[in-house]
Amino acid sequence: MEITVTKENFDEEVRNYKGTVLLDFWAGWCGPCMMLSPVISEIAEELDGKVKVGKVNVDEQPELAMAFRVESIPLVVVVKDGVIQKQSVGFVPKNSILEMLK
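Now for a look at the structure at hand. Small disclaimer: the values here were computed from a predicted structure and weren't measured. (Residues numbered from 1 in each chain as written. Predicted model: local features only at pLDDT ≥ 70, side-chain atom pairs only at ≥ 80, totals over all residues. Heavy atoms only, no water.)

### Some thoughts on the pairing of strand 5 (residues 83–89)
Residues in a regular strand project their side chains so that they alternate between the two faces of the sheet.
In step 1: For strand 4 (residues 75–80) and strand 5, the ladder comprises 6 bridges, and the chain directions are antiparallel. Its bridge partner being in strand 5, Val-79 is matched across the sheet by Ile-84.
In step 2: Following strand 4, the chain reverses through 2 residues before pairing antiparallel with strand 5; Asp-81 in that reversal takes a positive phi of roughly 50°. (Pairing = 2+ DSSP bridges. Helix = DSSP H or I, 4+ residues; strand = E, 2+ residues; numbered from the N terminus.)

Structure (structure tokens):
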């Protein structure tokens, strides 16, 4: 299951979460973001209960985009126990995202 991450729920859903969170920073006008979206959904379904998957719309959440220093999208970020572990910019194949989660 994918969740929408906002500045209001960020602490609860990401910063204070004990476990792994995969964040997808995206925008509706971004072609590569739209290509990546079904891949993120597949991962969310396959890893349900193991990895929390969050979506951050950079147009609606500019504060989070600034906090993560988003300069280009899509941006995929792996956060473990509140600490950023890995990031990747641009379209990322599913296998690469799964490797990031290891």
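### A word on the pairing of strand 4
In step 1: In terms of residue burial, strand 4 counts as a mostly covered element, since 5 of its 6 residues are buried.
In step 2: The pairing of strand 2 (residues 20–26) with strand 4 spans 6 bridges and is antiparallel. By the bridge assignment for strand 4, Val-21 is matched with Val-79. (Buried < 20%, exposed > 50% of the residue type's maximum accessible area, 1.4 Å probe, protein only.)

### Examining the side chain of Lys-52
In step 1: Residue position: Lys-52 is located in strand 3 (residues 51–57).
In step 2: The exposure class of Lys-52 is buried, given its relative accessible area of 15%.
In step 3: Side chain to side chain, Lys-52 and Glu-13 meet in a polar contact 2.6 Å long.
In step 4: Dropping the residues within four chain positions of it, Lys-52 is found in contact with Ile-3, Glu-12, Glu-13, Tyr-17, Thr-20, Val-21 and Leu-22. (Polar contact = N/O pair within 3.5 Å; in protein donor to acceptor, adjacent residues only side chain to side chain. Contact = heavy atoms within 4.5 Å.)

### Regarding the environment of Ser-72
In step 1: Of note, Ser-72 is situated in the loop between helix 3 (62–67) and strand 4.
In step 2: We classify Ser-72 as partly exposed; its relative accessible area is 38%.
In step 3: Counting along the chain gives 47 residues from Ser-72 to Phe-25, while the straight-line C-alpha distance between them is 9.2 Å.

### Notes on the pattern of salt bridges
In step 1: For the structure on display, the rule yields 7 salt bridges.
In step 2: With a closest N to O distance of 2.6 Å, Arg-15 and Asp-11 form a salt bridge. One end of the pair is Arg-15 and the other is Asp-11, both in helix 1 (residues 10–15) and 4 residues apart, which spans about a single turn.
In step 3: By relative accessible area, Arg-15 is classed as partly exposed at 46%.
In step 4: The closest approach of N and O atoms between Glu-99 and Lys-102, which form a salt bridge, is 3.0 Å.
In step 5: When salt bridges that share partners are traced, they join Glu-42, Glu-46 and Lys-94 into one network. (Salt bridge = Lys/Arg side-chain N within 4 Å of Asp/Glu carboxyl O.)

### Focus on the packing of aromatic side chains
In step 1: Counting across every chain of the model gives 2 aromatic pairs.
In step 2: Taken together, a centroid distance of 5.8 Å and an interplanar angle of 80° make the contact between Phe-10 and Phe-68 edge-to-face. Residue Phe-10 is located in helix 1, and its partner Phe-68 is located in the loop between helix 3 and strand 4; the two are separated by 58 residues in the primary sequence. The pair Phe-10 / Phe-68 is uniform in exposure class, with both members buried.
In step 3: An aromatic cluster is present here, built from Phe-10, Phe-25 and Phe-68 joined pairwise through their rings. (Phe/Tyr/Trp six-rings, centres within 6.5 Å; stacked < 30°, edge-to-face > 60°.)

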